[in-house]
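Residues per chain are reported as follows:
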Amino acid sequence: MQMNKHPMPVQEPDIRITNVEEVALGYTPETAIEEAKRCLNCKHKPCIGGCPVNIHIPDFIAKVAEGDFEGAYRIISLTSSLPAICGRVCPQESQCESKCVRGIKGEPVAIGRLERFVADYMREKGEGKPEKPQPNGHKVAVVGAGPAGLSAAGDLAGMGYEVTVFEALHTPGGVLMYGIPEFRLPKAIVQHEISKLKDLGVEFVTNFVVGRSETIEELMNEGYEAVFVGSGAGLPNFMNLPGEELKGVFSANEFLTRFNLMKAYREDSPTPIHHPKKTVVVGGGNVAMDAARCARRLGSEVYIVYRRSLEELPARKEEVEHAMEEGIIFKLLNNPVAVHGDENGCVNAVECIEMELGEPDASGRRRPIAKEGSSFMIDADCMIMAIGTSPNPLIRSTTEGLETNRKGCLIVDENEMTTREGIYAGGDAVTGAATVISAMGAGKKAAAAIDKALLKDA
Ligand code: FAD
Ligand code: SF4
């Protein structure tokens, strides 16, 4: 029996930096069956405990091993509504695959790759439209069309609720559309998942900023009996460095939105984007990797400046490896201290300082400490800040009774209900920047709680 996962075929690095097509190409049916046969169908199924939505992993893998891909899809669909997305972007290495018994001697079963294969197989085959359930006469509003809102909307619509999703941007999908690049998550796949929700009867109202276009209060007065807030954490953090206001300094959110949602890399796009020669990306998470890899595809030389070491780098391992293969230079144990500009107010260098790791801090990670007298310059005409985001205060400041913690995240109870009855919340708006699957899990949990509360009152 093979000790390692069947490798994922990928586009070669020197080719892929010249396009935005997907890097990972997916398993063939034959490879998927062979990989599925590596599963031991363990009695205690530890992998399921590592999945935030508890997908029946060994059962779906057993179906793949038999070549029954439709059967596998039915099993995944019992608990997950976005498998083609999760199969691509979930951090399986720290979730289901980290618990896989096969990983003790060798590599775990490639659960994520198999999930992706099954979802892609069904999409390409044409899944058929879902049957619309009988309406139950209740109306629910969802704020935000990211993974939290989409999964809440899908579950509620499946139970017969009339669901309207109000989305601030012109396209639903949240970070799946504006943040995660096409080369990791093709946008046609996200829109396919959204079209399935439309088939179920979910209505999407775009260009609608809740708190500006209408408040939650007003929506409730219009007959929405419950509201789910899945508005994410899209407000970028900055470091307040001298020179951060110079032209050529961007938040990762702005840079990625231009690149992904507005397709500014295309010559015919109405949205402009800076085509940098040398870019410094600050941060070490998935957002930093995505921003760096987008800048690379615009033809830039790219540096990632991260204040801790490779060991603490929070981005997915696969993304880090892909970024390194694409020629992105990692300046680890370094931190920016100032941005320098030319006479036109444009960035021309980023001043950095070397760091060393001290004792662990409150997060359990070793605290980075600046090394005195170690500052140096990186010539650059672009700097992208990817050091985290916070929830936008608009909703909490326009809705009475919504309490937040000191980071501005909405406080919810064990049923995802906020401090205001009838208003539920989940995803990054509650946890701060987290993962697609945790946002989806929260949306599902809230949908079940809303159903229980509204049917109790019926
Ligand atoms: P979001 O996806 O942020 O969606 C919120 C939606 O609400 C947005 O569409 C927004 O426009 C809308 N909205 C906000 N305010 C309002 C309002 N007032 N009225 C109406 N609509 C509003 N996670 C992973 O698991 N794997 C990854 O590889 C990964 N990579 C990432 C890469 C990037 C660049 C980023 C930014 C994040 C990444 N994440 C990744 C994190 C993941 O995408 C998020 O945790 C997840 O999208 C959170 O989902 P959400 O539904 O809570 O919020
Ligand atoms: Fe299969 Fe790994 Fe789960 Fe065991 S832990 S059932 S080998 S996927």
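In this text the structure is predicted, and so the values were computed from the model without any measurement.

Q: Explain the overall build of the protein to me, please; I cannot follow it from the model alone.
A: Helix and strand counts for the protein stand at 17 helices and 16 strands. In terms of overall size, the protein behaves like a compact globule, its C-alpha atoms giving a radius of gyration of 23 Å where 458 residues would be expected to give roughly 23 Å. For the protein, the accessible surface area stands at approximately 20,300 Å², while carbon and sulfur atoms represent 51% of it. With 50 positive and 64 negative side-chain charges, the protein shows a separation of 4 Å between the mean positions of the two kinds.

Q: It is not clear to me how the sheet that holds strand E3 (residues 203-205) should be interpreted in this structure. Could you clarify?
A: Strand pairing in a sheet is mediated by backbone hydrogen bonds. Such pairs are either parallel or antiparallel. In space, the five strands of this open sheet follow the order E3-E2-E1-E4-E16, with parallel pairing throughout. Strands with a single pairing partner mark the edges of an open sheet, and in this sheet they are E3 and strand E16 (423-425). Across the sheet, the mean angle from the axis of one strand to that of its neighbour is 20 degrees, orientation sign disregarded. Alignment of strand E2 (residues 162-166) against E3, held across three bridges, turns out to be parallel.

Q: Which parts of the structure should I look at to understand the nonpolar core?
A: Within soluble globular proteins, side chains that are nonpolar generally end up buried alongside one another. The biggest cluster of nonpolar side chains holds 72 residues, and the ones touching the most others in it are Ile 57, Phe 60, Val 64, Ile 85, Leu 114, Val 163 and Tyr 424. At 10 residues, the largest contribution of residues to this core is made by helix H17 (residues 436-457). Looking at which domains feed residues into this core, each of domain 1 (13-125) and domain 2 (139-234 + 390-457) gives three or more. The contacts of Tyr 424, once residues within four sequence positions are left out, are Ala 226, Val 227, Phe 228, Val 229, Asn 415, Glu 416, Met 417, Thr 418, Ala 446, Ala 449, Ile 450 and Ala 453.

Q: How should I be thinking about the pairing of strand E1 (residues 139-143) in this particular structure?
A: Remember that side chains alternate between the two faces of the sheet whenever the strand is regular. Extensive coverage of E1 is indicated by the burial of four of its five residues. Looking at chain direction, E1 and E2 are connected through five bridges and run parallel. Looking at E2, one finds that Ala 141 is bridged to Thr 164. Following the chain from E1 across helix H8 (residues 147-158) to the adjacent parallel E2, one finds a crossover that is right-handed. Alignment of E1 against strand E4 (residues 226-229), held across four bridges, turns out to be parallel. Note that in E4 the partner of Val 142 across the bridge is Phe 228.

Q: Looking at this structure, how should I read the site of ligand 1?
A: Close contacts around ligand 1 come from 35 residues, with Val 89, Glu 167, Arg 184, Val 210 and Asp 428 the closest. At a separation of 2.9 Å, an oxygen atom of ligand 1 approaches a polar backbone atom of Ala 148. Residue Asp 428 places a main-chain N or O atom 2.9 Å away from an oxygen atom belonging to ligand 1. Summarising the interface, the protein chains cover 93% of the accessible area of ligand 1, which totals 1,000 Å² for the free molecule.

Q: How should helix H12 (residues 252-261) be read in this particular structure?
A: Side chains of residues three or four places apart in an α-helix project in the same direction, reflecting 3.6 residues per turn. Counting buried positions along H12 yields seven of 10 residues, so the element is predominantly enclosed. For H12, the set of buried residues is Ala 252, Asn 253, Phe 255, Leu 256, Phe 259, Asn 260 and Leu 261. Where H12 is buried, its residues contact helix H9 (175-178), strand E6 (249-251), helix H13 (286-297), strand E14 (382-385) and strand E15 (389-390).

Q: Is there a simple way to explain helix H2 (residues 29-36) in this structure?
A: For H2, the full list of buried residues reads Ala 32, Glu 35 and Ala 36. Looking straight down H2, one finds its buried side chains confined to an arc of 100 degrees; they lie on one side.

Q: Can you walk me through the packing of aromatic side chains in this structure?
A: Each aromatic ring pair is summarised here by two numbers: the centre-to-centre distance and the angle between the ring planes. Counted by the stated rule, this structure contains seven aromatic pairs. On the numbers, 6.1 Å between centres and 35 degrees between planes, the contact of Phe 117 with Tyr 121 is tilted. Within this pair, Phe 117 and its partner Tyr 121 are both found in helix H7 (residues 111-125), separated by four residues, close to a single helical turn. For Phe 117, a relative accessible area of 6% translates into the label buried. For the pair Phe 166 and Tyr 224, a centre-to-centre distance of 5.8 Å together with 85 degrees between the ring planes defines the contact as edge-to-face. Of this pair, Phe 166 sits in strand E2 while Tyr 224 sits in the loop between helix H11 (216-221) and E4, and the two are 58 residues apart along the sequence.

Q: What is the right way to read the sheet that holds E14 from this model?
A: The five strands lie next to each other as E6-E14-E7-E8-E9, forming an open sheet whose pairing is parallel. What marks the edges here is a single partner per strand, and that holds for E6 and strand E9 (329-332). Looking at each pair of strands side by side, their axes are set apart by 20 degrees on average, direction ignored. Relative to strand E8 (residues 301-306), strand E7 (residues 278-282) is paired through five bridges, and the arrangement is parallel. Within E8, the position partnered with Thr 279 by the bridge is Val 302. Strands E6 and E14 of the sheet are contacted by H12, whose axis makes an angle of about 80 degrees with E6.

Rules used in this analysis
Residues numbered from 1 in each chain as written. Chains lettered and ligands numbered in written order. Predicted model: local features only at pLDDT ≥ 70, side-chain atom pairs only at ≥ 80, totals over all residues. Heavy atoms only, no water. Helix = DSSP H or I, 4+ residues; strand = E, 2+ residues; numbered from the N terminus. Rg over C-alpha atoms; globule rule 2.2 N^0.38 Å. Areas by Shrake-Rupley, 256 points an atom, 1.4 Å probe, with all protein chains shown as cover. Lys, Arg positive; Asp, Glu negative; His and termini not counted. Charge placed at Lys NZ, Arg CZ, Asp CG, Glu CD. Pairing = 2+ DSSP bridges. Axes fitted to C-alpha atoms, helices over the stretch in contact; angles between N-to-C directions. Core = buried A, V, L, I, M, F, W, Y, C linked by side-chain atoms within 4.5 Å. Buried < 20%, exposed > 50% of the residue type's maximum accessible area, 1.4 Å probe, protein only. Domains from an automatic or database assignment. Contact = heavy atoms within 4.5 Å. Right-handed = clockwise from strand over helix to strand, strands pointing away. Near = heavy atom within 4 Å. Polar contact = N/O pair within 3.5 Å; in protein donor to acceptor, adjacent residues only side chain to side chain. Arc of directions from axis to C-beta. Phe/Tyr/Trp six-rings, centres within 6.5 Å; stacked < 30°, edge-to-face > 60°.

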